[in-house]
Every structure is written in structure tokens, then in C-alpha cells.
Amino acid sequence: MTTIAARLQAVRSRIAAAAGTAGRSPEDIRLIAVSKTFAAAAIQEARAAGQVAFGESYLQEALGKIAVLGPELEWHYVGPIQSNKTRQIAELFHWAHGIDRLKIAERLSSSRPAGRLPLQICIQVNVSGESSKSGVRPDEVFALAQAISFLKGVRLRGLMAIPEPTQDIGLQRARFRQIRELKNEMVSRGIALDTLSMGMSDDLEAAIAEGATLVRVGRAIFGERPSNPG
Ligand SMILES: *Cc1c(COP(=O)(O)O)cnc(C)c1O
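Residues numbered from 1 in each chain as written. Predicted model: local features only at pLDDT ≥ 70, side-chain atom pairs only at ≥ 80, totals over all residues. Heavy atoms only, no water.

Attention now moves to the site of the ligand. Neighbouring the ligand are 13 residues; Lys36, Ser201, Gly218, Arg219 and Arg225 lie closest to it. One of the side-chain N or O atoms of lysine 36 is found 2.6 Å from an oxygen atom in the ligand. Here an oxygen atom of the ligand and a side-chain polar atom of serine 201 are 2.5 Å apart. When isolated, the ligand has an accessible area of 390 Å², and the protein chains bury 92% of it. Here the residues of the shell around the ligand sort into six nonpolar, three polar and four charged. (Near = heavy atom within 4 Å. Polar contact = N/O pair within 3.5 Å; in protein donor to acceptor, adjacent residues only side chain to side chain. Areas by Shrake-Rupley, 256 points an atom, 1.4 Å probe, with all protein chains shown as cover. Nonpolar A, V, L, I, M, F, W, Y, C, P; charged D, E, K, R; others polar.)

Here it is, written out as C-alpha cells:
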């Protein structure tokens, strides 16, 4: 078994264990392998080990990999989205997780090729309240979701968050719980959401305990990234 295959299996075991502890089914949690900064060969190893969904954050880099590996993989754009990248993201990706403005959602929607399913999107929520981090303030999420619901080329699936890194499991849980409660509140107000995109290499257990349906894991699968990527 390659290192990547072994690590992938270890991550799947962590997901299964965390699901078990939470009384959840592991099948309800999708693993996105975040392959940013890693070469197409690394993705191919993961794919040979059964991984289908991959996450990328740097568009130029992702374009090369998508060209090589083909559209049969499921591509998730997990980085922040600038206006000048929306066309290519709408054409080539299945999901985009970092939606933080209506304008970006509108551009993705209008660029989505006819005949393809809508681009599946998540609104990124800023739960840590750090002004430097991207994401929508919790009190602004509902209005944005309502506006997005009128767009034909995108389908809002849920909320995504990247809380500040901390070793404090209680704080990790509190941040993820906040996102889950926000999603539940939106559902009760009539916005159909089925996705909580939260949890990464260091905090996926806390995220799964709080209801994550999609975890985005990079380093635990592919190894450490160069310190100043892309
Ligand atoms: C890089 C990245 C990840 C993966 O983080 P790891 O700590 O390597 O697991 C997840 N989500 C987003 C948005 C990222 O940019």
C-alpha cells in the first residue's frame, strides 16, 4: 500500500470512529481529499485507493490537474472565490464551498454551462469573528441564502466554515455547534439545506460530533504542504 493509500485508510477509520461515538452512520459523512499544492500523481494514488472527491484552492493549479485527470473525478473548489475566477469554476467544478457574496453566486450561476446540474454551493460563515478571515457574518447568512435561492445555475446545499485553529476540543466543538445551530435555524425558516462542510485534518472529530456531513481533509492524507503555497 502506498503512503497515501495508508493515510487515506487511517482518515476513513477516524471518520468511522467519530461517527460511531456520535451515534451517526459513517456513510452520512463525505470525505473531500484536499489536494491543493500536491501533484496529479498524488491524486491518482488516492483515486486508486477509492477516493473520488477532491478539493482545490488555487485555480491555476487546479486547471492543470483537472485537464490531466479528467472530469470523472468530483472537484470541489474550497478556496475564496474572486470575481475573475467564477467562469472557470462554474465550468469545471461540481461544488464551490467558499461563497461569501451574492455577486459571486450570481456570476457562478450565469456561467454554469447549460445542460449541467447546477453548481452545488455552500455559504462560508465566519464564526470566529476574525475580520481577516473570509466568510459571512452569522446575522447576514439568511438574507444571502434567500437571494441565492432564486439563482438557477447554483444550488445552495449548506454552510461551510473554517474556525480558528485551536487545540481546545471544547472550543472546536462550540464553533462547529454554532454552525450547526445556524443551519438548523435556517432550515426552520424555510431554507432547504442538507450540508455542513466543516472539519479538517486536526479537528474532524469535533466537526463530526457536531454534525458535519462533509469533511475537507488535506495534510492527514497527502502529508505536510510547503509552508507558503500557491
Ligand atoms: C487546505 C484546506 C483544507 C484542508 O486542511 P488540512 O489542515 O490540510 O486538512 C480544508 N479546507 C480548506 C478550505 C482548505 O483551504
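Having put the structure on the table, let's press on.
With respect to the element layout, threonine 195 can be found in strand E7 (residues 195-197). Once residues lying within four places of it in the same chain are set aside, the contact partners of threonine 195 are Trp95, Cys122, Arg157, Gly158, Leu159, Lys183, Thr213 and Leu214. (Helix = DSSP H or I, 4+ residues; strand = E, 2+ residues; numbered from the N terminus. Contact = heavy atoms within 4.5 Å.)

Before going further, it helps to examine the packing of helix H2 (residues 40-48) against helix H3 (residues 59-69). The interhelical angle for the contact between H2 and H3, taken along N-to-C directions, is 50°, at an axis separation of 10 Å. In terms of orientation, H2 lies oblique with respect to H3. Judged by the sense of rotation from one axis to the other, the crossing of H2 with H3 is right-handed. When H2 is examined against H3, the residues Ala40, Ile43, Gln44 and Arg47 are found in contact with a partner set consisting of Lys65, Val68 and Leu69. Taken together, the residues of the contact of H2 with H3 break down into four nonpolar, one polar and two charged. (Axes fitted to C-alpha atoms, helices over the stretch in contact; angles between N-to-C directions. Parallel < 35°, antiparallel > 145°, perpendicular 65-115°, else oblique. Left-handed = near helix turned anticlockwise from the far one by under 90°.)

Turning to unusual backbone geometry, a few remarks are in order. Most of the time, phi is negative for any residue but glycine, and the peptide bond is trans. Phi at threonine 37 takes a positive value of approximately 75°, unusual for a residue other than glycine. Mapped onto the elements, threonine 37 comes out in the loop between strand E1 (30-34) and H2. Looking at threonine 37, the relative accessible area reads 22%, which means it is partly exposed. (Buried < 20%, exposed > 50% of the residue type's maximum accessible area, 1.4 Å probe, protein only.)

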